[in-house]
Structures are given as structure tokens and as C-alpha cells.
Amino acid sequence: ALLARCLEALQRQSIERDAYEIIVVDNGTPGGLGVVAQNAPGVQFLFESRRGAAHARNAAVGVARGDIIAFTDADCIPAPDWLACGEAALAEAELVGGPIEVFVSDPAHPTAVESFERVFAFRQRDYVMRKGFAATANLFATRAASLAIGPFRNGLSEDVDWCRRGLTLGFRLAFNDTARV
């Protein structure tokens, strides 16, 4: 259900739908993604048998054709202008992270996990400005930077490692308030 919501948000971006591609990598979903895929025309679905987000992200980057690579996760809902804002932000840096707002099922009665995550999880501004990485739930990169940095490495915090390798290569990382997930 969350992936379906994510795909709906991605298909309704403020830029023309034929200006970008949506690639979903199934990394071992129980029962597969058949029903979701049937209801998502124009979305490219891949299967990656090697477990781990790094392998899934690498599979998607391997088939992506655009000059910009935008990462998000199946449980994220990008704002309608997410792609436009991320693309604009790449004018100032080759890697850009935007805010990640945790949503809850019932704001009047959040679960303990939801309450914890709303306070402590996904402090993207801090990650970018002080820690030198952006969580891949909301990360943009130029294709040139992505290719130079190389694949994500499995078995560690792949977004931290990937962004820091980019910084070591001289790429700039910026935070952009407007590219919201």
C-alpha cells in the first residue's frame, strides 16, 4: 500500500511525465509486486535477487537513462514538486538532500515508533550540513557524480558511504528545503 502511494505521488509530479522515468526494484517482496505493477503504467519494475538496498539501488542506476538520479524509498511520499525542486537544487551541488518528514497513521494517537521517529529520525539537514551525507530516502545526484562515485556498497550504511566517497572525489553536497519527501 505504501509503494502504491509513493508511485501515485511520483506519477503526479509537477514536471511533464515524459520528462522522467520511474524505476522500482523489488528486492524480495513476499508475493512480489504484481498487483502494484499492474496498476502502475509507465513504471519500470526490476527484480534484484541479491538482498540489500545497495544492490537494489545499483540495479536501478544501471538502467536509468537520465542526467539526474533521484532516490527515494517505497514508504516515502514525494511532494508534487519534489523532482522540480531537486533538479533546480543541482545547480548548486552535484549531490542534494532534502527534508524527510515522518508521517503517522493517526496524528492524534501516534504509535511509540512513530513518535520516536518524528523526533529523532531523518534529520536530513543535520546529516547534510554536519555529517556529510544525505539519506537515500531523499537524495538527488547528477549522473556524472553517480558514475564517478560508483556503486553503493552492501553491508554498511550505503548512503553514508556513497555520499562521503562523493565528497572525497570533490563533489559538493547541499541541503535543499524545497525538495520534500
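The coordinates are above.
Residues numbered from 1 in each chain as written. Predicted model: local features only at pLDDT ≥ 70, side-chain atom pairs only at ≥ 80, totals over all residues. Heavy atoms only, no water.

We now examine the sheet that holds strand 6 (residues 173-175). Read across the open sheet, the four strands follow the order 3-5-4-6; overall the sheet is mixed. At either margin of the open sheet sits one strand with a lone partner, and together these are strand 3 (68-72) and strand 6. For this sheet, the mean angle separating the axes of adjacent strands, direction not counted, is 20°. Sitting on the sheet, helix 6 (residues 124-131) is in contact with strand 4 (95-97), strand 5 (138-142) and strand 6, with an inclination near 145° to strand 6. (Pairing = 2+ DSSP bridges. Helix = DSSP H or I, 4+ residues; strand = E, 2+ residues; numbered from the N terminus. Axes fitted to C-alpha atoms, helices over the stretch in contact; angles between N-to-C directions. Contact = heavy atoms within 4.5 Å.)

What follows covers the packing of aromatic side chains. Enumeration according to the criterion identifies five aromatic pairs in this entry. Centroid distance Phe71 to Phe152: 5.4 Å. Interplanar angle 90°. Geometry classified as edge-to-face. With Phe71 in strand 3 and Phe152 in the loop between helix 7 (143-149) and helix 8 (158-168), this residue pair connects regions lying 81 residues apart in the sequence. Judged by its relative accessible area of 4%, Phe152 falls in the buried class. (Phe/Tyr/Trp six-rings, centres within 6.5 Å; stacked < 30°, edge-to-face > 60°. Buried < 20%, exposed > 50% of the residue type's maximum accessible area, 1.4 Å probe, protein only.)

Attention shifts here to the side chain of Glu158. Mapped onto the elements of the fold, Glu158 is located in helix 8. Those residues in contact with Glu158, other than ones at most four positions away along the chain, are Ala53, Ala54, Arg57, Thr136, Phe152 and Arg153.

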